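Coordinate inspection notes
Each chain, letter by letter, is given below.
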Amino acid sequence: MPRTLVLRQEPGYNPAMASIIACVDMDAFFASVEQRDNPDLRGKPIAVTGGGERTVITTSSYEARAYGVKTGMTIYQAKKLCPDIMLVVGNNRKYAEICAMLEEICLRFTPDLEIYSIDEVFLDITQSYHLLGTPERLAMTLKNTIKKELGLTCTVGMGSNVLIAKLASDLAKPDGFRWIQENEVPSVLERLPVKKLWGIGRHTEEKLKAMGIITCGELGRAPLLPLAERFGIMGERLKEMGCGKLERPLEIVPPETKSIGHSTTLPKDLSKRDDMKNCLLRLSEKVGRRARRYGYKGKRITLTVRYADFKTFTRQTTLPSPTNDTGEIYRATAAILDGIRLKKSVRLFGVALSSFDHDGDQMLLFDETKRAKKAALAKAMDTVNDKFGEHTIIQAATIEQDAGSGVISPSWRPSGVRNSDR
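Residues numbered from 1 in each chain as written. Predicted model: local features only at pLDDT ≥ 70, side-chain atom pairs only at ≥ 80, totals over all residues. Heavy atoms only, no water.

**Section: the overall build of the protein chain**
Check the secondary structure of the protein chain and you find 14 helices and 12 strands. When burial is assessed residue by residue, the protein chain has 46% of its 422 residues classed as buried. Within the structure as shown, the protein chain displays about 22400 Å² of accessible surface, and the carbon and sulfur contribution to it stands at 52%. (Helix = DSSP H or I, 4+ residues; strand = E, 2+ residues; numbered from the N terminus. Buried < 20%, exposed > 50% of the residue type's maximum accessible area, 1.4 Å probe, protein only. Areas by Shrake-Rupley, 256 points an atom, 1.4 Å probe, with all protein chains shown as cover.)

**Topic: the packing of aromatic side chains**
As enumerated under the stated definition, the model contains 8 aromatic pairs in all. The rings of Phe29, Phe30 and Tyr95 are connected pair by pair, giving a single aromatic cluster. Lying across the ring of phenylalanine 231, arginine 230 places its NZ or CZ 5.9 Å from the centre. (Phe/Tyr/Trp six-rings, centres within 6.5 Å; stacked < 30°, edge-to-face > 60°. Lys NZ or Arg CZ within 6 Å of the ring centre and 35° of its normal.)

**A short note on the sheet that holds strand E6 (residues 120-124)**
The strand order E5-E6-E1-E7-E8 describes an open sheet built from 5 strands, whose pairing is mixed. Only two strands of the sheet have a single partner each, and these edge strands are strand E5 (113-117) and strand E8 (177-179). The mean angle between the axes of side-by-side strands here comes to 15°, regardless of whether they run parallel or antiparallel. Sheet analysis places strand E1 (residues 21-26) next to E6, joined by 5 bridges and oriented antiparallel. By the bridge assignment, isoleucine 21 is partnered in E6 with aspartate 124. Contacting E1, E5 and E6, helix H4 (residues 92-107) runs over the sheet at an angle of about 155° to E5. Strands E1, E6, strand E7 (154-159) and E8 of the sheet are contacted by helix H6 (residues 162-172), whose axis makes an angle of about 140° with E7. (Pairing = 2+ DSSP bridges. Axes fitted to C-alpha atoms, helices over the stretch in contact; angles between N-to-C directions. Contact = heavy atoms within 4.5 Å.)

**Focus: the sheet that holds strand E4 (residues 86-89)**
Ordered by their spatial adjacency, 3 strands build an open sheet running E3-E2-E4, and the pairing between neighbours is mixed. Taken across any chain shown, the strands that pair with only one partner, and hence form the sheet edges, are strand E3 (57-60) and E4. For this sheet, the mean inter-axis angle between neighbouring strands, taken without regard to orientation, is 30°. Sheet analysis places strand E2 (residues 46-49) next to E4, joined by 4 bridges and oriented parallel. Paired with valine 48 across the strands is valine 88, a residue of E4.

**Some words on the side chain of aspartate 27**
Here aspartate 27 is to be found in the loop between E1 and helix H1 (29-37). Judged by relative accessible area, aspartate 27 falls into the buried class, the value being 2%. With residues near it in sequence (within four places) discarded, aspartate 27 still touches Ser32, Tyr62, Thr153, Cys154, Thr155, Lys173, Pro174 and Asp175.

**Quick word on the nonpolar core**
Of all hydrophobic cores here, the largest spans 38 residues; its most connected members are Val24, Phe29, Leu123 and Ile146. Of all the elements, H4 adds the most residues to this core, at 6 residues. Setting aside its immediate chain neighbours within four residues, valine 24 contacts Leu102, Asp119, Glu120, Val121, Leu123, Leu142, Ile146, Cys154, Thr155 and Val156. Ranked by size, the runner-up nonpolar core spans 31 residues in total, among them Ile260, Leu303, Ile329 and Phe349. (Core = buried A, V, L, I, M, F, W, Y, C linked by side-chain atoms within 4.5 Å.)

**Focus: helix H5 (residues 135-150)**
Taking 1.5 Å per residue as the helical rise, H5 with its 16 residues ought to reach 22 Å, and the 22 Å between its terminal C-alpha atoms agrees with that figure. Buried residues of H5: Pro135, Glu136, Leu138, Ala139, Leu142, Lys143, Thr145, Ile146 and Leu150, and no others. On its buried side, H5 packs onto E1, H1, H4, E6, E7 and E8. The positive-phi residue at the C-terminal boundary of H5 is glycine 151, with phi of around 70°. (Expected span 1.5 Å × (residues − 1).)

**Things to note about the pairing of E1**
Most of E1 is tucked away: 6 of the 6 residues are buried. Of the two faces of E1, the one lined by Ile21, Cys23 and Asp25 and the one lined by Ala22, Val24 and Met26 are each fully buried. Of the pairings in the sheet, the one linking E1 to E7 comprises 6 bridges and is antiparallel in character. If you follow isoleucine 21 over to E7, its bridge partner there is glycine 159.

In C-alpha cells:
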C-alpha cells in the first residue's frame, strides 16, 4: 500500500511566499563522477581535462581546490599549485548520461524544471512541495535520492527566484542545503561581495568597484541614474539584483535554437592554410550532421578564429539559400578564411550555422539532381555513424585530424539539438 504523507508546517516555513525555486548543483560534477567510478582517485586531488594536448582544467575535485586549482587553468598552472594532482581525461558521453538520469529524478518532484547546464537544474516547487510536507523535506528527499541512485552528492539552494536560489546553493556547497527566505535576503546581501551574484563577472565587478560599489547592499542602495549612465539598460537590472530581485522565469520549454556550432582548440598552433581547412572540414561535418539530425537548415555561416595570444574574432557570410550540407558549409567557411589576412598562428577554430529555416524533409522535385544525391549520401553516412559510432565514416581529408580538446559545451542540454555529444 502507498505510504501516507503527513502534512505539517515546520519552523521557518512561510506559506505566503509566492514562489519557491530550488537550485540543484552537483558537487565538482565531472571530478566526482571519476572518483565514484575509480576508487583509486577517491580522497585525492584530481582534475578532469579535455582530450587534447593543450586542454585546460574543466573541473577539479575539492581536494585539488584546496590547493587553488580552478576551472580554466592550464595543466602547467594546476601542477605548479599541486604537483601531485592526478589528471583524468573527461568522458562527455558518461556525464551526459548521468545528467539525463538527474533530469529524470528531478521530474519526480516537479514537472516545472529547467536544465540550466550539465550539472545544474532549477526546479519550481511552488505547486509540488506539499506532496512531501514542506519545501525543506522535499529538498532533503531530493538530495538523498540523487545520492542513492547516482552515487553523487549535490547541494540544494532555495529562494523566491533563480538569483537567490543559485546564491543559496553557492553558499551551502559542498553537499549542503540552504533556504534564503525573503525576510533574510537583505541581511544576507548586505555585506556580500557583488561578484557572488550570479551573472556578475569580473569586468562588471571592476566597473562597479570604480563607482565605489563593493557589496550587494551598496549596489541595491545605489542611485539608478549613475548605474544607467554606466551600464545602460542593464543598470536597472543590476540595482534590482543588489536587492535580491530577478524577474527571470524558468525556461521549462527549451529555448528556441538560434545556432548550431562546434569549436575545437587545436593540438598545436596552425599557420598553414591547408591544415586549417582540414580542421574546418571536420567542424563543418559536425555542424552539418547535427543540423541534419534535427531537421535544421541555415543561411548564415560564422567562423570563429582565436590566435595563439588568445585574441578572438568572428566573420560571417550569408548563403543564397538554407543548407545543412557539409560541403556547402565547408566551402562557405573556407571562403571566409580565404578572405582573412591572418596575422598570427591559430589556436582555435569554430564553425556555426544560423538563420534557420526548419527543414520539413520534403522530397525534391527531381530526385536525380546533384543536390538530392548529396543529401542521400549525407543521410547514408549519418545512418552508419549513428549505428556504429561517431567518425566511423569521415571525409578523407580529416583522417589525420586530431579531435581537439573535447570539452563539453556550456550550451549542452540532455536532449534535442543542444545535445552535441550525439
